[in-house]
Amino acid sequence: MNICFVGFHNLSALAPEYRGHTIGGEAVQQTQLGRALMRRGHDVSMVVADYGQSDGGVWDAIRVFKAYALEAGLPVLRFIHPRWTGMWSALKRADADIYYTSCAGMHVGLLALFCWRFRKRFVFRSASDTDCDRTRLLVPFARDRWLYAYGLRRADAILVQSASQAENLAHNYGLTGRVAGMLVEKPLPVPARDIDLLWVSNIRREKRPDRILEIAERLPEAEIHMVGGSLPGEEALFLEVRLAAKAKTNVSFHGHLSYWDANDLYGRAKVLVNTSDVEGFPNSYLQAWIRGVPVVTLIDPDNVIKREGLGVAASSAAQIPAAIRHFLSNPAAWKAASDRCRAFMAREYGEDKVLATYLDTFERVMRIDNANAEMIASSRTRHV
C-alpha cells in the first residue's frame, strides 16, 4: 500500500534538524506509524508545513512534501491560497492510495474533498475527546467546524483512541469509530530517578498549567520539571507560566523541548502528573508507563489507570497532591505501580499488536468499491 500521512507538524518529530518547531502528540503518532509501516514494506509519504526544507526530501525512507508556511498569506484570503491550494498541490505530488490525518480542523474537510475528487481513500483518527464532541470542539471558526463535520462524513474509516470516544462519536455525529491503539518507542536506560514530578504539555489553558504550580507550593519538597512550549494565541499565558515557575525554587521550567529531549526526562521521573481538563489518550502516558513511571491525573481513558493500577486517577484536582505523596513517600507502592506499568505496556502495546488494527483498516478501505464507497462499520471493542 501507498499511504500518505497529513500532519503539518510531523517534520518536527521525523527530522531532528527541525526539532525546534511545534510538536504535538499526533505528530509523534503519525511518525511512529509511518516508520512501522515502512519497516513492513509499505510506501509512506507525508504532507507537512513548509519550514524551508526541500520539497520531496526523504527522512527515514519517508518522502516529505511541503504544503505551505503556517503563517503565510493574508487573513481570510489565505484559506484559499496558500492553504487550500498548497495542501492540494502537496497531496497530488504524494499520489498515495490512502490519505490519513488526525485532529479536528478545516484540513479534514479539504482532505476529504481531495480524496472524493481524485478517487482516493481517506482515514481519519481522533486525537482528543473533543474531536468526538460537537459541544467541546476546539475549532474556533464556524466554517472550519462545518468542514470538519463534512470531512468526517466523507471518511472511509474513522479510528478513535478509546471506547468512550467511539460512543461520543456515535452520539454526536452518528458515525462509527474503531478503537486503535498507539505506538511508543522502546526507551534507553537512564542512570537515576532524580525528578520527582514531571509535567509535559503544550502551554494552553485547557492543560491547566496553573495546577502544577499550585502543586509545587503544596509539595515544596518535591523536585518538579515542567516541559511545554507556547502556542499561537497563548503567548501571554506562556510568559505568565514561565515567570511563575521560575519564581519557585522546586520547579525547573524547560519551555519547549523536542520529542527526543523530552524523552530523556521521562526515564528520570518518578511520577508523571497530568493536570489537564481536556485530553484524548495522551502520548505522555505511554512514554511514562513504558519506562515504569506511574501517572497521577484527572483524565483516565476508559478507566485504564484505575483498572490496571498504572497510577492514580484523581476525582478532583484537590486529591492530586495526596496521590503524589503516596508514591514519593512509599517506595514499595511506587515499585509495585512501576512494575505494573512495564508489564501492561509489554502485554498491550507491542508494535505488531497495535499495528494490526491499522493494517486491517487500510486493507478494508482499499477493498471498498469506488461506486459504492461507504463508512466502514466496525467493532467498538476496547483496545486495553
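Preceding block: the structure.
Residues numbered from 1 in each chain as written. Predicted model: local features only at pLDDT ≥ 70, side-chain atom pairs only at ≥ 80, totals over all residues. Heavy atoms only, no water.

A. Examining the overall build of the protein more closely. In terms of regular secondary structure, the protein is built from 14 helices and 14 strands. Relative to the compact-globule value of 21 Å for 384 residues, the protein shows a C-alpha radius of gyration of 21 Å, a close match. Here the C-alpha coordinates of the protein stretch approximately 65 × 45 × 40 Å along the principal axes. In the protein, which comprises 384 residues, the proportion classed as buried is 58%. Intrachain contacts of the protein at a sequence separation of at least 6 include 68% that bridge at least 24 residues. As presented, the protein carries roughly 16200 Å² of accessible surface, and 52% of it is formed by carbon and sulfur atoms. With 48 positive and 42 negative side-chain charges, the protein shows a spacing of 2 Å between the two charge centroids. (Helix = DSSP H or I, 4+ residues; strand = E, 2+ residues; numbered from the N terminus. Rg over C-alpha atoms; globule rule 2.2 N^0.38 Å. Buried < 20%, exposed > 50% of the residue type's maximum accessible area, 1.4 Å probe, protein only. Contact = heavy atoms within 4.5 Å. Areas by Shrake-Rupley, 256 points an atom, 1.4 Å probe, with all protein chains shown as cover. Lys, Arg positive; Asp, Glu negative; His and termini not counted. Charge placed at Lys NZ, Arg CZ, Asp CG, Glu CD.)

B. Region of interest: the packing of aromatic side chains. According to the stated counting rule, one finds 21 aromatic pairs in the structure shown. Taken together, a centroid distance of 5.3 Å and an interplanar angle of 45 degrees make the contact between Phe8 and Tyr68 tilted. Of this pair, Phe8 sits in the loop between strand 1 (2-6) and helix 1 (10-14) while Tyr68 sits in the loop between strand 4 (62-66) and helix 3 (80-94), and the two are 60 residues apart along the sequence. Tyr68 gets classed as buried once you look at its relative accessible area, which sits at 7%. Following the ring pairs from residue to residue traces out a cluster consisting of Phe79, Trp84, Trp88, Tyr99, Phe114 and Phe118. Directly above the aromatic system of Phe79 lies the positively charged group of Arg143, at a separation of 4.1 Å from the ring centroid. (Phe/Tyr/Trp six-rings, centres within 6.5 Å; stacked < 30°, edge-to-face > 60°. Lys NZ or Arg CZ within 6 Å of the ring centre and 35° of its normal.)

C. Geometry of the sheet that holds strand 1. Sheet architecture is open: 8 strands sit in the order 3-4-2-1-5-6-7-8, paired in mixed fashion. Because the sheet does not close on itself, it has two edges, and the strands there are strand 3 (57-59) and strand 8 (178-179). In the sheet, strand 1 pairs with strand 5 (residues 98-102) via 4 bridges, with the strands oriented parallel. Residue pairing in the sheet places Cys4 in a bridge with Tyr99 of strand 5. Across the face of the sheet, helix 3 comes into contact with strand 1, strand 2 (43-48), strand 4 and strand 5 while running at roughly 155 degrees to strand 4. Seen against the sheet, helix 4 (residues 106-117) touches strand 1, strand 5 and strand 6 (121-125) and runs at an angle of roughly 170 degrees to strand 5. (Pairing = 2+ DSSP bridges. Axes fitted to C-alpha atoms, helices over the stretch in contact; angles between N-to-C directions.)

D. Here's a closer look at the environment of Ser252. With respect to the secondary-structure elements, Ser252 resides in strand 11 (residues 251-253). Separated by 22 residues in the primary sequence, Ser252 and Asn274 place their C-alpha atoms 16 Å from one another.

E. Summary view of the sheet that holds strand 10 (residues 224-227). Sheet architecture is open: 6 strands sit in the order 11-10-9-12-13-14, paired in parallel fashion. In this open sheet, the two strands that pair with only one neighbour each are strand 11 and strand 14 (311-313). When the angles between neighbouring strand axes are averaged without regard to direction, this sheet yields 20 degrees. In this structure, strand 13 (residues 295-297) lies alongside strand 14, joined through 3 bridges in parallel fashion. Following the sheet pairing, Val296 is matched in strand 14 by Val312.

F. The side chain of Gln30, seen in detail. Its place among the elements puts Gln30 in helix 2 (residues 25-39). The contacts of Gln30, once residues within four sequence positions are left out, are Phe5, Val6, Gly7, Asn10, Met46, Tyr100, Thr101 and Ser102.

G. View of the pattern of salt bridges. On inspection of all chains with the given rule, the structure shows 26 salt bridges. In this structure, Arg39 and Glu351 form a salt bridge, with 2.5 Å as the shortest nitrogen-oxygen distance. Of the two residues, Arg39 is situated in helix 2 and Glu351 in helix 14 (residues 351-366); the sequence distance between them amounts to 312 residues. In this structure, Asp360 and Arg364 form a salt bridge, with 3.8 Å as the shortest nitrogen-oxygen distance. Here Asp360 and its partner Arg364 are both found in helix 14, 4 residues apart, which amounts to about one turn of the helix. Overall, the relative accessible area of 27% leaves Asp360 in the partly exposed class. The class of Arg364 is partly exposed, set by a relative accessible area of 26%. The structure contains a network of salt bridges with shared partners spanning Arg307, Glu308, Arg347, Glu348 and Lys353. (Salt bridge = Lys/Arg side-chain N within 4 Å of Asp/Glu carboxyl O.)

H. Geometry of the nonpolar core. Grouped together as the largest cluster of nonpolar side chains are 98 residues, with contacts concentrated most on Leu37, Leu91, Tyr99 and Trp289. It is helix 4 that provides the largest number of residues to this core, a total of 8 residues. Apart from the residues within four sequence positions on either side, Trp289 is in contact with Phe281, Val295, Val304, Ile305, Leu310, Cys341, Arg342, Phe344 and Met345. Among the nonpolar cores identified, the runner-up in size contains 27 residues, and Leu213, Ile215, Ile224 and Val296 belong to it. (Core = buried A, V, L, I, M, F, W, Y, C linked by side-chain atoms within 4.5 Å.)

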